[in-house]
Amino acid sequence: MSVPGAEGKVLGHSLGSPTVLRILLGTQLRRLRTQRGITREDAGYAIRASHAKISRLELGQVSFKERDVADLLTLYGVIDEEERAPLIELARQANAQGWWHKYGDLLPSWFEVYIGLEGAASSVRTYENQFVPGLLQAPGYARAVIKLAHWAAPEEEIDRRVALRTARQRRLTGDNALTLWAVIDEAVVRRALGGPEVMREQIAHLLEMTALRNVTVQIMSFERGGHAAAGGPFSILRFPERDLPDVVYMEQLTSALYLDKPADSERYTQVMDRLSIQAESPADSRSFLERLLSSV
């Protein structure tokens, strides 16, 4: 039997992130399992693990052991060495460390997954109603936001957290720059985090970033009333690899949700499309920010 999407072209191709390699491998393993009609419980038994671990493996949320991948492939009927080799090699590559490893002591595992996804995405569409999206935060504003959650942390740690956020922003420039489309509630830019000077810097930074061709910002003004994103902030990440599904990310206080089923991503995409229509246009949003900057 052939393994869909497991051609050798995957090997040696820079997918940008071990996280994405894990998701790519997990997607292939889930496809093979469902094609065979094998339950997660049975797959877990084959590698001496729970069905919950199989679910995490298939979502790319944990690292793979090569032995487990080999045992699962055998269970799924992939016994030809030429067909097994690309997936086992993918497992080996997926265990490599990302650039953010040096910040590992600061990162909860659930957010480390997001950084890996963000690092390999071709586009991110996001809605925010509390803070400016991390990719668009100026240093002073980022520091103010970080201190809200880490008020007891020493300044050295705060500095490293700001540096991590700044490093993420490199995705917006250079080769293969990320396309970012952000809809931001007016309350975000009205809320004076860090004081007037910090907010002036932040609003000026937003205007500077919207000058980039790959960055679009829309303001959801108070005048618009209610809107489609009643459930709160979320992001939709899309990847250049055809085998990778869109991922919807929703951050919570001490964890995050990652949704990659087509029905979920399609629903959130519809909401984002409606938000983009309901919000001020990109040009009007720039004018709004310019007026706001002059009044801060």
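Residues numbered from 1 in each chain as written. Predicted model: local features only at pLDDT ≥ 70, side-chain atom pairs only at ≥ 80, totals over all residues. Heavy atoms only, no water.

1. Description of the side chain of Glu280
Looking at the element boundaries, Glu280 is found in the loop between helix H11 (262-278) and helix H12 (282-295). Those residues in contact with Glu280 that sit more than four places away from it in its chain are Gln218, Ile219, Ser221, Arg224 and Ser285. (Helix = DSSP H or I, 4+ residues; strand = E, 2+ residues; numbered from the N terminus. Contact = heavy atoms within 4.5 Å.)

2. Notes on empty space enclosed by the protein
One pass over the structure, following the stated rule, counts 2 cavities of 30 Å³ or more. Each pocket or cavity is described by its volume, and for the largest cavity that value is around 80 Å³. Residue lining of the largest cavity: Ile23, Leu59, Gln61, Val113, Leu117, Pro245, Val247, Tyr258 and Asp260, and that is the complete set. Split into classes, the residues belonging to the lining of the largest cavity amount to 7 nonpolar, 1 polar and 1 charged. Put simply, the second largest cavity is a space of about 30 Å³. If you trace the second largest cavity, you find it lined by Leu29, Ile54, Leu57, Glu58, Leu72 and Tyr76. In terms of residue count, the dominant contributor to the lining of the second largest cavity is helix H3 (residues 51-58) (3 residues). Counted by class, the lining of the second largest cavity contains 5 nonpolar, no polar and 1 charged residues. (1 Å grid on protein atoms, 1.4 Å probe; cavity = no way out; pocket = protein on both sides within 12 Å on 5 of 7 lines; lining within 4 Å. Points joined across faces, edges and corners; volume = space filled by probe spheres on them. Nonpolar A, V, L, I, M, F, W, Y, C, P; charged D, E, K, R; others polar.)

3. Comments concerning the environment of Ser221
Along the chain, Ser221 falls in the loop between strand S3 (215-220) and strand S4 (234-238). The exposure class of Ser221 is buried, given its relative accessible area of 6%. Spatially, the C-alpha atoms of Ser221 and Arg67 are 54 Å apart, while their sequence positions differ by 154 residues. Not counting chain neighbours up to four residues away, the residues in contact with Ser221 comprise Glu186 and Glu280. (Buried < 20%, exposed > 50% of the residue type's maximum accessible area, 1.4 Å probe, protein only.)

4. Considering the pattern of salt bridges
This model, assessed by the stated rule, comprises 19 salt bridges. Between Asp260 and Arg30 there is a salt bridge, and its shortest N-O distance comes to 3.1 Å. Of this pair, Asp260 sits in the loop between strand S6 (256-259) and H11 while Arg30 sits in helix H1 (residues 18-36), and the two are 230 residues apart along the sequence. Comparing Asp260 with Arg30 shows no difference in burial state: the two are buried. With its nearest N and O atoms 2.5 Å apart, the salt bridge here joins Arg238 to Asp246. Each of the salt bridges in this network shares a partner with another, and the network as a whole consists of Arg143, Lys147, Glu155 and Asp159. (Salt bridge = Lys/Arg side-chain N within 4 Å of Asp/Glu carboxyl O.)

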